[in-house]
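Now for the letters of each chain:
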Amino acid sequence: MGFELDLIKDKIEFFDAYSLQELEKKIQRQIENNQAIMLRVHAVSHQTVFSPEGKPYYTASVHFKS
């Protein structure tokens, strides 16, 4: 039985929150986690939508690369 390790070269993660501060905290926490496996932020995309009650909902996708 062989044991092989493959490097992660690309990784895309999605985040969501009801406040920008919470969204930033989630993203920052994952940036720190991914730095441990040698991944850096390559691109960030974000959107804001509003619920029928008018409450904003924030989403983001972050592309990490080695």
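All residue numbers refer to position in the chain's written sequence, counted from 1. Given that this is a predicted model, residues contribute local features only at a pLDDT of at least 70 and side-chain atom pairs are listed and counted only at 80 or more, while totals for whole chains, interfaces and linings are drawn from all residues. Here the side-chain values reflect all heavy atoms present in the structure, with hydrogen atoms and water set aside.

Draft legend 1. Summary view of the overall build of the chain. What the chain contains, in helices and strands, is one helix and three strands. The order of helices and strands in the chain, counted from the N terminus, is β-α-β-β. Seen through its principal axes, the chain has C-alpha atoms that stretch 55 × 20 × 15 Å. Looking at the chain residue by residue over its 66 residues, the buried ones come to 20%. Sequence separation of at least 24 residues holds for 57% of the intrachain contacts in the chain that already meet a minimum separation of 6. Surface summary for the chain: the accessible area is close to 5400 Å², and the carbon and sulfur share equals 55%. Strands are runs of DSSP state E lasting at least two residues, helices are runs of H or I lasting at least four, and both sets are numbered from the N terminus onward. Burial classification: accessible surface area is computed with a 1.4 Å probe over protein chains only, and a residue below 20% of its type maximum counts as buried, one above 50% as exposed, and the rest as partly exposed. Pairs of residues are marked as contacts when any of their non-hydrogen atoms sit within 4.5 Å. Here, Shrake-Rupley sampling with a 1.4 Å probe gives the accessible areas, and only protein chains in the shown set may cover a residue.

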